[in-house]
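Summary of structural features
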Amino acid sequence: MKKFPTEQLKCWNEAKNLRKSYYENYLNAHEKGGVRWAGGAWSFSSIPAGLGEDVYSLTGEPYGATIAFFKDFTAKCHEATEAAGFPRTLCAYMRNYWGSILLDKYILADGKVIDEHPAPDFIWQDHICCSHGKWYQVARWLEEKKGKKVPMYCVDVSVGYPMDKPLEEYKINYIFQQLNDGVEWLEKVTGREYDDKLLCEAVWNEINATRLWADICTLNQAVPAPLDEKSMYSLYVMGTLMKHRPECVAFYEKLKAEVEDRVRRGIAAVANERFRVITDTQPPWGFLRIFREMEKYGVVSLGSLYTYGLIGMWKYRPDGTWATKDLPPRKPQTREEALRMIVEWTVDRPEWAHFYLPEAKTKMILSIVKQWKVDAVLLHYNRGCEGLSVHIAENRHGLVEAGVPVFPFEGNMGDEREFDLPGTLARLTTFFESMGLKKLRE
Amino acid sequence: MVEEIFQKFRDWIDNRHEYAKEWKEKTNRKIIGYFCTYVPEEILYAADILPVRILGSHEPPTVTEPYIFAMFCHLCRDSLAQGLKGKFDYLDGIVEGQSCLHLRQTFNAWRLHIPVDYAYYIYVPHSVQTPHATPYLTQELAKFKHSLEEWIGRKVTDSDLDRGIRTMNRNRELMRKIYEYRKLDNPKITGLEAMEMVLSSQMVDKEEHSKLVEQLLRELPNRKLNRNPGTRLMIIGSEDDDRIFMQNVENLGATFVIDEHCTGSRYLWNNVSPSEDRLGAIAERYVDRVPCPSKDWPEFTRVKHAVNLAQEFKAQGALVIQNKFCDPHGIEIPPLKEALKSIGVPIYPLEFDVTVPWGQFRTRVEAFLETLTGLEDLF
Ligand code: SF4
Ligand code: SF4
């Protein structure tokens, strides 16, 4: 059987280092006289950037995922949140995050656990999932019990997603006004003067980073696929940590060039590629080896709506195909322009669309299936995230109706107690066999 | 006579579907089902439409498995189950006022699988603590009103809106007056009766309901309940229509003197303050109402409100009903516990699903009641 050449990604180590220093920078921010803030990976991170070059963030979802990757620490976090009286059915990332505060421990990207959870100077969040605002409200409450008063600002973005027309002006305005107030709030709580130039830079960086990531995902339409989902997790994450930073843009530029080169030379992520799948949401982070198991059947996962659509920004072309969203005509020059631009840019985020409409998620997945030449879709019925598993049963209907083979599996992205690895692998094997695949010799 | 009034509330709940069908037959008007109390019923009444709340039946909702992942709360699954079984086949339309993801899912599944003539989702702001929420919601309501007008084929005028506001305000006001009787040392109504009054108001024509509540108000001062109120309890949580549970607990020597539920006080605690800008006034009411925890951040205003209620109604302890998988309410349990504890009101959380395992709960509730009365100290 045909084997494609493979190669280790050249910028792999750079990705690792960027991630490593991200968590360290947040930890050590105060030593350098800097400011640190905490908030979600989806928050408007370019806005606090106007406070200066020495502003460092800790985004909650990637931090929750990092915790989930290190199972011993996760177990302790869960014990701590349950002992504090929180139900174990809540968002698993959120529980991981609170656990870290309750234990007063901080985990670095390599799993090293540090004593004392570094409290943020302020919280900067946005809200579309029921747990977004609540997550940080409780984080703040927990910090207060430890004697630290953390001011919080949270922007409501839950204004809907019309599938067939642009969002009305009053909805854009609602978000814009909150951001505008937010700038004044940032000045007030930090005592710093706000620099609109830095804001404009950060907004432009974010727009470029999220376009670049969409371009990179588009390159995965090639056969063989130059990237697989498991590797993509280490790459997309930059966008969840620092989408507004110049380092992120620079890294994605380099990555894009490298992936283009791989496509040109036919370098594959999986040497035995013969069957292409995608997934929909976050994986069970403690069990990424399922992807390696899939490779034994010659199956490559090209990514997911989650990796493509959380960081990448997309549009539908008139012919219905999915493509990178167009760059706005020029870099913003003023605060007003920058804030409006980032709102208009962000309201199209694919991962927001499916919060509202099951049809929106099904349509996006079907576009990926067609354009990325996907043979089957794995749907993660994720007990740890109600936000991304909302409407999932409807998506299953939609895909099945469109004739796409679907493998639904139940799990939890952040709580390993709710993932049955042997059971899932056994069902997955049966699924692949029903697709005519056989295990390749190892 | 008081007993007959309460019996009527019960009958309305037990025969809600028959009531709705007869109402429709009688009036030849439309009925809309709504899922969450963030739907501004004022506008529906203004449009001469009867709003009825869609709730579950507490039967295991196996029929929803293909449409809703089982890790979503029982209210959303059980409500959809009723629709799939055709229990609400008289509805002309459905409307949802944005609250949680769970009910949004029910709305969408309903829209996709249960034929209705009209389906509308109002993007009620989540951030009710921002000053921009009311102007934004006003625009959302204008859009909703416009869509209703297109559907019913006539304009909803200012005087229609005034009528809608009056209808809703009057009903809420009357029920609040009844709640006052729960403050007495020997409350004149039980928690179950209060729940049945509010629940039935979400199922029948408010004008009809208000007449009965008015009558109840006249007669209640003379009522003497032939029971020892026992321990004064508060009940807190999201949607709760579990009447059997209420009855069982009250039979153990306790009375629910106040609740913090959207099927209870949260539904009726504040009114629309009429103003020239009718939609603005309605928007203000929904932004300022006692919030669902899903909208209550960064400050815990609902927790503060629960503390006030506990004090005003002299609750000795509180049962917190956590609808399994409900994140917004579940998240608030520890802060709620801390706040109530600080005023000497201990809480006991119980996890509810479609059906309630009363056998297990009984022992736990009894033990909780004993801690409140100090009985356990004797042994
Ligand atoms: S439930 Fe999912 S979408 Fe919501 S906060 Fe948690 S991880 Fe995010
Ligand atoms: S608030 Fe909670 S109980 Fe109410 S519908 Fe939403 S998830 Fe269910």
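Residues numbered from 1 in each chain as written. Chains lettered and ligands numbered in written order. Predicted model: local features only at pLDDT ≥ 70, side-chain atom pairs only at ≥ 80, totals over all residues. Heavy atoms only, no water.

**Examining the side chain of T255 of chain B**
Residues and elements named next belong to chain B. Rule in force here: Each helix is a run of DSSP H or I of at least 4 residues and each strand a run of E of at least 2, with the numbering of both proceeding from the N terminus. Three labels apply to residues, based on accessible area from a 1.4 Å probe with only protein chains included: buried if under 20% of the type maximum, exposed if over 50%, partly exposed otherwise in between. Polar contact criterion, stated in full: a pair of N or O atoms within 3.5 Å, where within protein one must be able to donate a hydrogen and the other to accept it, and residues adjacent in sequence count only if both atoms are side-chain atoms. By the convention used here, residues are in contact when the closest approach between their heavy atoms is within 4.5 Å.
As for its placement among the helices and strands, T255 is situated in strand 6 (residues 254-260). For T255, a relative accessible area of 1% puts it in the buried group. A polar contact is formed between the side chain of T255 and the backbone oxygen of P229, at a distance of 2.8 Å. In this structure T255 touches P187, I189, T190, G191, R227, P229, T231, R232, L233 and E250, once residues within four positions along its chain are discounted.

**A look at the confidence of the model for chain B**
Defined as follows: Within a predicted model, pLDDT stands for the predictor's per-residue confidence, ranging from 0 to 100.
Considering every residue of chain B, the mean pLDDT works out to 95; 98% of them sit at 70 or more. As scored by the predictor, the complex reaches a pTM of 0.96 and an ipTM of 0.95.

**Description of the site of ligand 2**
Test applied: We define proximity as follows: a residue is near a molecule or strand when any one of its heavy atoms falls within 4 Å of that partner. Three categories are distinguished: nonpolar for Ala, Val, Leu, Ile, Met, Phe, Trp, Tyr, Cys and Pro, charged for Asp, Glu, Lys and Arg, and polar for the others, with Gly belonging to the last.
As a matter of local geometry, ligand 2 sits amid C73, L75, C100, H102, L103, S238, N323, C326 and H329 of chain B. Class assignment of the residues belonging to the shell around ligand 2 gives a composition of 5 nonpolar, 4 polar and no charged.

**Some points on the environment of A68 of chain A**
Residue and element names in this part refer to chain A. Mapped onto the fold, A68 is located in helix 2 (residues 60-69). In this structure A68 comes out as buried when scored by relative accessible area, which is 6%. Expressed as a C-alpha distance, the spacing of A68 and W285, which sit 217 residues apart in the sequence, is 5.9 Å. Those residues within four positions of A68 in sequence are excluded, and the remaining contacts are T74, N96, W285, G286, M413 and G414.

**Concerning helix 2 (residues 16-27) of chain B**
Note: α-helices contain 3.6 residues per turn, so residues at a spacing of three or four share the same orientation. All names here are of chain B. Rule in force here: Each helix should span, by expectation, one fewer than its residue count multiplied by 1.5 Å. By definition, the arc is the one covered by directions from the helix axis to the C-beta atoms.
With 12 residues, helix 2 ought to run about 16 Å at 1.5 Å a step, and its terminal C-alpha atoms sit 16 Å apart, in line with that. Turning to helix 2, its buried residues number three or more, namely R16, H17, Y19, A20 and W23. The buried residues of helix 2 occupy an angular sector of 160 degrees when projected down its axis, which confines them to one face. Looking at helix 2, the residues exposed on the side facing more than 90 degrees away from the buried face are E22, E25 and K26. At its buried positions, helix 2 is contacted by helix 1 (2-14), strand 1 (31-34), strand 2 (50-53) and helix 9 (206-219). Positive phi appears at N28, one or two residues downstream of helix 2, with a value of about 60 degrees.

**Examining the packing of helix 10 (residues 243-250) of chain B against helix 16 (residues 358-373) of chain B**
Residue and element names in this part refer to chain B. Formally: In this analysis an axis means a line fitted to C-alpha atoms, helices contributing only their contacting stretch, and an angle means the value between N-to-C directions, from 0 to 180 degrees. What makes a crossing left-handed is the near helix being turned counterclockwise from the far one by less than a right angle; a clockwise turn instead makes it right-handed.
Between helix 10 and helix 16, whose axes approach to 11 Å, the crossing angle comes to 40 degrees. With respect to the hand of their crossing, helix 10 and helix 16 are arranged in right-handed fashion. Judged by residue contacts, F245, N248 and V249 of helix 10 engage W358, F361 and V365 from helix 16. For the contact of helix 10 with helix 16, a count of residues per class yields 5 nonpolar, 1 polar and no charged.

**A closer look at the site of ligand 1**
Residues and elements named next belong to chain A. Around ligand 1, the neighbouring residues are C91, Y93, C129, S131, H132, W135, Q282, C385, E386, G387 and M413. Broken down by secondary-structure element, the contributors of at least two residues to the shell around ligand 1 are helix 5 (130-145) and helix 15 (386-389). Ranked by the residues each element gives to the shell around ligand 1, the list is headed by helix 5, at 3 residues. Its residues assigned to classes, the shell around ligand 1 shows 6 nonpolar, 4 polar and 1 charged.

**Things to note about the sheet that holds strand 1 (residues 35-39) of chain A**
Residue and element names in this part refer to chain A. The following threshold applies: Paired strands, as defined in this entry, are two strands with at least two bridges between them according to DSSP.
Pairing in this open sheet of 4 strands is parallel, and the strands run 2-1-5-6 from one edge to the other. Across the chains shown, the open sheet's two edge strands, defined by having one partner strand only, are strand 2 (55-59) and strand 6 (152-156). The sheet shows a mean angle of 25 degrees between the axes of neighbouring strands, taken without regard to direction. Relative to strand 5 (residues 122-127), strand 1 is paired through 2 bridges, and the arrangement is parallel. Across the sheet, W37 pairs through a bridge with F122, a residue of strand 5. The sheet strands contacting helix 6 (residues 169-190) are strand 1, strand 5 and strand 6, and the helix crosses strand 6 at an angle near 170 degrees.

**Considering unusual backbone geometry**
The residue after V223 of chain A, namely P224 of chain A, is reached through a cis peptide bond having omega -5 degrees. Residue position: P224 of chain A is located in the loop between helix 7 (196-219) and helix 8 (229-242). Residue W297 of chain B is joined to P298 of chain B through a cis peptide bond whose omega torsion reads 5 degrees. Within the secondary structure layout, P298 of chain B lies in the loop between helix 12 (278-288) and helix 13 (301-312). If you check the backbone angles, H391 of chain A has positive phi at about 70 degrees while not being a glycine. Its place among the elements puts H391 of chain A in the loop between helix 15 and helix 16 (392-401). Positive phi values are uncommon outside glycine, yet K314 of chain B reaches one of about 50 degrees.

**Observations regarding the pattern of salt bridges**
Residues and elements named next belong to chain A. Heads up, the condition is: For this analysis, a salt bridge means a side-chain nitrogen from Lys or Arg found within 4 Å of a carboxyl oxygen belonging to Asp or Glu.
Scanning all chains against the criterion turns up 65 salt bridges over all chains. With its nearest N and O atoms 2.7 Å apart, the salt bridge here joins E14 to K254. Taken together, the residues span a long stretch of sequence, with E14 in helix 1 (residues 12-28) and K254 in helix 9 (residues 246-265) at a distance of 240 residues. Across the salt bridge formed by D261 and R265, the nearest N and O atoms sit 3.1 Å from each other. Of this pair, D261 and R265 both sit in helix 9, 4 residues apart, roughly one helical turn. Given the relative accessible area of 21%, D261 is considered partly exposed. Residues participating in the shared-partner salt-bridge network are E7, K10, D261, R264 and R265.

**Details of the sheet that holds strand 1 of chain B**
Residues and elements named next belong to chain B. If you trace the 4 strands from one edge of the open sheet to the other, you get 2-1-3-4, paired in parallel fashion. Two strands close off the open sheet at either side, each with one partner strand: strand 2 and strand 4 (118-122). The mean inter-strand angle of the sheet, taken between neighbouring strand axes irrespective of direction, is 25 degrees. Across 3 bridges, the pairing between strand 1 and strand 3 (residues 93-97) is parallel. Looking at strand 3, one finds that Y34 is bridged to V95. Helix 5 (residues 101-113) contacts strand 3 and strand 4 of the sheet and is inclined by roughly 160 degrees relative to strand 3. The strands that helix 6 (residues 133-152) touches are strand 1, strand 3 and strand 4; relative to strand 4, the one it contacts most, it runs at about 175 degrees.

**Description of the interface of chain B and chain A**
Defined as follows: Here the quantity called buried area is the accessible surface, traced with a 1.4 Å probe, that two parts lose on coming together, added over both.
Between chain B and chain A, the contact holds 50 residues from the first and 52 residues from the second. Across the chain B to chain A interface the summed buried area is about 4,300 Å²; carbon plus sulfur atoms make up 60%. The three residues of chain B that bury the most area against chain A are F69, W297 and I331 of chain B, which together make up 17% of that side's buried surface. Where chain B meets chain A, there are 6 salt bridges. Linking E359 of chain A and R111 of chain B is a salt bridge whose minimum nitrogen-to-oxygen distance equals 2.6 Å. The interface formed by chain B and chain A holds 28 residue pairs in polar contact (both at pLDDT 80 or more) in total. When residues in the side of chain B that touches chain A are grouped by element, the largest group, 9 residues, is from helix 5 of chain B. Of the residues that constitute the side of chain B that touches chain A, the class distribution is 26 nonpolar, 14 polar and 10 charged.

**A look at helix 13 of chain B**
All names here are of chain B. Between its terminal C-alpha atoms helix 13 stretches 16 Å, which fits the 16 Å expected from 12 residues at 1.5 Å a residue. Among the residues of helix 13, those classed as buried are R302, V303, H305, A306, V307, L309 and A310. Summarising the contacts, the buried residues of helix 13 are in contact with strand 5 (231-237), strand 6, helix 11 (265-268), helix 14 (327-331) and helix 15 (333-342). Of the residues one or two after helix 13, K314 is the one with positive phi, at around 50 degrees.

**Observations concerning the packing of aromatic side chains**
Residue and element names in this part refer to chain A. Note the following rule: In this analysis, rings of Phe, Tyr and Trp, with Trp reduced to its six-membered ring, are considered paired at centre separations within 6.5 Å, and the interplanar angle assigns stacked below 30 degrees, edge-to-face beyond 60, and tilted for intermediate values.
Inspection of the entire model under this criterion finds 57 aromatic pairs over all chains. Ring geometry for Y233 and Y236: centres 6.0 Å apart, planes at 70 degrees, overall edge-to-face. Note that Y233 and Y236 are positioned in helix 8 at a spacing of 3 residues, about one turn of the helix. Overall, Y236 belongs to the buried group, its relative accessible area being 4%. Among the aromatic residues, ring-to-ring pairing joins Y22, Y23, Y26, Y63, Y97, Y106, W135 and Y136 into one connected group.

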